[in-house]
Amino acid sequence: MFLLVGCTTNQEATPERTTPNDHQSLSNSRVDNHIDKNNTLGISQKGTTENLDNRVRKISSTEGSSKEEQSSENTVEKPKQKATEKPKKVDVRGIYLNRTSIREENVQQYIDLIKSTNLNAVVIDVKDDYGKLTYDSNIELANKIGSDSGPATKDLKKLIQRFKDAGIYTIARVVVFKDPFLAKNMSDYAMKRKDGTVWQDAAGTKWVDPYKEEVWNYVTSIAQEASDSGFDEIQYDYIRFPEKGKQVDQEVTYDNPNNLTKSENILAFLKHSENQLRNYPVYVSADVFGLVTTASDDMGIGQVWENISTHVDYISPMTYPSHYAPGSYGVPNPDRAPYEIMLQAMIDAKERNKNLEEKGKDVAVIRPWVQDFDYLSIYTVTDVKKQIQALQDQNITQYLIWNAGNDYTVDAYK
């Protein structure tokens, strides 16, 4: 049985259903085409993680900073919150909900879905792929550019409490550096071509410059506001540079006065976030490309497992079998090998965490995304269950389910 809900009319259809994103690409471009040609599975590249603490310390310790870059536009005007106890940790098994699904008239059917299965959590769009907030914000910059206009929910606190009253764990999805709305309305924050014009990716989407600390402040202010609204966890998505990194690097000029590599910059942002959320009662998680579990470099997008796993509470590789290149892990057709792909990715992820722990590092709990959408083939109950079985066989007890339209294969979770 499939649950087909979310959009009730064509007029209510939202871009989440039709626009490619890190989770579900609707083009013919797979993960192997999202990274530099030489950075495929099994090819070692020189790492970029040496002496990172020394490189990023001076720009990541910005809590309470009076630097000119930290404009009051980018912060919520309220007194500093005292340290509060974080929610009880649970083994999360959750689904993603887009802005249509969190409208008041649609929420109950997802609560019912979760309560009728072994699921117990939701990932809710708070700042989406278009840079739009799904709620009415008090952040000055959001009000200035109108990123909170047309909110999906009139009362975010009430919405979150509705899920909590049903015993459901709540995660706020915050898209970080893919933000065409901010890039359009604050062009100083946008990625720029060498001639000074605003850069766009192959799909025509504008990105903000990941080196801009003003952007960091805006993002973490949204995370703070989400925490104040009652979310248990903040999930950073698109915490990366645009794919096809070598090509992009030839086209743009970054605002990078500290001369950080991409991976160093992502680490610096995470440390900045740690400072900004230190006194907020939320956990933090990060979505990463599936190949990050295995790749030995940052794949041109700035994501290195060792940097991210040690600075978040949960790490969620997007291990969708359909997005792996033929031959990955020795599998001729990954799309039709959901168990084998998930299993190998988790073996590699666990090994990397183990190596970090042996060095005395605290590591993130591995909580992968599971594919419940059709791409190269129709994904059935069996295909979804095979991925979950691979997780269980590796003693991984948490996972998230992705379907952009929120049409979930309910029988896979009973």
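Please read all numbers here as calculations on a predicted model, not as lab measurements.

Caption draft 1: Looking closely at helix α6 (residues 213-228). The terminal C-alpha atoms of α6, which comprises 16 residues, lie 22 Å apart, in line with the 22 Å expected from a rise of 1.5 Å per residue. Directly beyond the C-terminal end of α6, a positive phi value near 115 degrees is found at G230.

Caption draft 2: Seen up close, the pattern of salt bridges. What the rule picks out here adds up to 15 salt bridges. Two residues, R173 and D237, come together in a salt bridge whose shortest N-O distance is 2.9 Å. Taken together, the positions of R173 in strand β3 (residues 169-175) and D237 in strand β5 (residues 233-237) put the pair 64 residues apart, joining distant regions of the chain. Each member of the pair R173 and D237 is classed as buried. Salt-bridge contacts for E306 lead to R352; the nearest nitrogen and oxygen are separated by 2.9 Å. Placement of E306 in helix α9 (residues 305-309) and of R352 in helix α10 (residues 338-358) is noted, with a sequence separation of 46 residues between them. A relative accessible area of 25% means that E306 is categorised as partly exposed.

Caption draft 3: Expanded view of the environment of D407. Here D407 is to be found in the segment after β11 (399-402). Take D407: its relative accessible area is 22%, and that puts it in the partly exposed class. In this structure, the C-alpha to C-alpha distance between D407 and L97, residues 310 residues apart in sequence, is 9.8 Å.

Caption draft 4: The arrangement of the nonpolar core in detail. The biggest cluster of nonpolar side chains holds 117 residues, and the ones touching the most others in it are I95, F163, F177, L182, Y218, Y236 and F269. Sequence-distant contacts of L182, that is, excluding residues within four places in its chain, are made with L141, I145, S187, Y189, V208, V215 and Y218.

Caption draft 5: Expanded view of unusual backbone geometry. Non-glycine residue Y238 carries a positive phi angle of around 50 degrees. Position of Y238 relative to the elements: it lies in the loop between β5 and α7 (245-251). Under the relative-accessibility criterion, Y238 is labelled buried at 2%.

Caption draft 6: Inspection of the packing of α6 against helix α8 (residues 262-276) at higher detail. The geometry of α6 relative to α8 is characterised by a closest axis approach of 10 Å and an angle of 40 degrees between their N-to-C directions. The orientation of α6 with respect to α8, classified from their angle, is oblique. Here α6 and α8 pass one another in a crossing that is right-handed. Of the residues in α8, those touching α6 at W216, N217, V219, T220 and Q224 are N265, A268, F269, H272, S273 and Q276. Counted by class, the contact of α6 with α8 contains 4 nonpolar, 7 polar and no charged residues.

So, how was this worked out
- Residues numbered from 1 in each chain as written.
- Predicted model: local features only at pLDDT ≥ 70, side-chain atom pairs only at ≥ 80, totals over all residues.
- Heavy atoms only, no water.
- Helix = DSSP H or I, 4+ residues; strand = E, 2+ residues; numbered from the N terminus.
- Expected span 1.5 Å × (residues − 1).
- Salt bridge = Lys/Arg side-chain N within 4 Å of Asp/Glu carboxyl O.
- Buried < 20%, exposed > 50% of the residue type's maximum accessible area, 1.4 Å probe, protein only.
- Core = buried A, V, L, I, M, F, W, Y, C linked by side-chain atoms within 4.5 Å.
- Contact = heavy atoms within 4.5 Å.
- Axes fitted to C-alpha atoms, helices over the stretch in contact; angles between N-to-C directions.
- Parallel < 35°, antiparallel > 145°, perpendicular 65-115°, else oblique.
- Left-handed = near helix turned anticlockwise from the far one by under 90°.
- Nonpolar A, V, L, I, M, F, W, Y, C, P; charged D, E, K, R; others polar.

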